[in-house]
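Structure at a glance
Spelled out, the chains give:
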Amino acid sequence: MKFALINNEKAEATKGSKGVCPICGSELISKCGELKIHHWSHKGKRNCDPWWENETEWHRSWKEKFPVDWQEVIHYDQNGEKHIADIKTNNGWVIEFQHSFLNPEERRARNAFYGKPIWVVDGTRRKRDIEQFSKTLNSSKPFGSNVKVWRVHSDECVLLREWEDSNTPIFFDFGGDTLWWLLDGSSKGMVYVTSIPRIYFIEVHCVGEKQKIDAFNDFVKDVRNLIKGYESSRSQFRRM
Ligand SMILES: [Zn+2]
């Protein structure tokens, strides 16, 4: 974890310091070695939150794009179950950064627990993912002019297959300036994707300017209309 509590305040790990786990209240030890990012660790090996994924630099650099208050926020459901959300914005959006494989059952549990979380998925973990994704994208012609949407087969791209039935906003991060958004409304085997600049994704949450949010909502509307238009022209074509 990036944060422990020291005197009830969120604190980052520094050499030799001790803190308290915000979830279970047990003691945390700071780990400030040379190799891994500095973090807090439970005395026993395991983190008390079974959903917690060991942080990579990728996780950390994403979290740090957002205000400290939004990072590692405990989220409760009505039954008192609690987990640490990577990011919870002041509009109540939960953003989860997923590096490792997540089995569909656990993903469904997390989707239900957080409401409609936004997933940002590390597309650089497996080398083949970017290759498969690019190949899939290149096999299809996008529609739209300013805003472009691709309708692609997911069968040759493991990453798309893993996430296509999630029904929550999913963004693949392949390390560039662009995030690829797997749009819900996709059906199994056939999915819609579009791209947005990474900086745009962050600004929409962080800057909170009405202008930026309106522009983003317009973008989403354009994407939805494009898909709708595309679907209806396809069904007309089928009726001919
Ligand atoms: Zn704990």
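Residues numbered from 1 in each chain as written. Predicted model: local features only at pLDDT ≥ 70, side-chain atom pairs only at ≥ 80, totals over all residues. Heavy atoms only, no water.

Attention now moves to the overall build of the protein chain. The helix and strand tally for the protein chain stands at six helices and 13 strands. With the principal axes as the frame, the protein chain shows a C-alpha extent of 70 × 40 × 35 Å. Put simply, the protein chain has 240 residues, and 47% of those count as buried. A sequence separation of at least 24 residues applies to 51% of the contacts in the protein chain between residues at least 6 apart. As displayed, the protein chain has an accessible area near 13300 Å², and 49% of this comes from carbon and sulfur atoms. Here the protein chain contributes 37 positive and 34 negative side-chain charges, whose respective centroids are spaced 3 Å apart. (Helix = DSSP H or I, 4+ residues; strand = E, 2+ residues; numbered from the N terminus. Buried < 20%, exposed > 50% of the residue type's maximum accessible area, 1.4 Å probe, protein only. Contact = heavy atoms within 4.5 Å. Areas by Shrake-Rupley, 256 points an atom, 1.4 Å probe, with all protein chains shown as cover. Lys, Arg positive; Asp, Glu negative; His and termini not counted. Charge placed at Lys NZ, Arg CZ, Asp CG, Glu CD.)

A separate point is the coordination of the zinc ion. Taken together, Cys 21 (SG), Cys 24 (SG), His 42 (NE2) and Cys 48 (SG) make up the protein donors of the zinc ion, found 2.0 to 2.3 Å from the metal. Given four donor atoms and angles of 107 to 112° at the metal, the environment of the zinc ion is assigned as tetrahedral. Within one chain, the residues serving as donors to the zinc ion are arranged as C-x2-C-x17-H-x5-C. Highlighted residues: Cys 21 in the loop between β3 (18–20) and β4 (27–31) and Cys 48 in the loop between β5 (39–42) and α1 (57–63), separated in sequence by 27 residues. Its relative accessible area of 2% is what places Cys 21 among the buried residues. Look at Cys 48 and you get partly exposed, because its relative accessible area is 31%. (Donors = N, O, S within 2.8 Å, 3.2 Å for Na, K, Ca; no water. Tetrahedral: all angles 85-135°; square planar, octahedral: opposite > 155°, others 65-115°.)

Below, the discussion takes up the domain arrangement of the protein chain. Taken as a whole, the protein chain is organised into domain 1 (1–48) and domain 2 (55–239). For domain 1 and domain 2, the distance between their C-alpha centroids amounts to 30 Å. The interface of domain 1 with domain 2 comprises nine residues on the first partner and 13 residues on the second. When the buried area of domain 1 at its contact with domain 2 is split by residue, Lys 2, Ile 23 and Ile 37 rank highest and sum to 56% of it. At the surface where domain 1 touches domain 2, the tally comes to one salt bridge. Salt-bridge contacts for Glu 64 lead to Lys 2; the nearest nitrogen and oxygen are separated by 3.4 Å. Put simply, domain 1 and domain 2 have nine residue pairs in polar contact (both at pLDDT 80 or more) between them. Classifying every residue of the side of domain 1 that touches domain 2 gives five nonpolar, two polar and two charged. (Domains from an automatic or database assignment. Buried area = accessible area lost by both parts, 1.4 Å probe. Salt bridge = Lys/Arg side-chain N within 4 Å of Asp/Glu carboxyl O. Polar contact = N/O pair within 3.5 Å; in protein donor to acceptor, adjacent residues only side chain to side chain. Nonpolar A, V, L, I, M, F, W, Y, C, P; charged D, E, K, R; others polar.)

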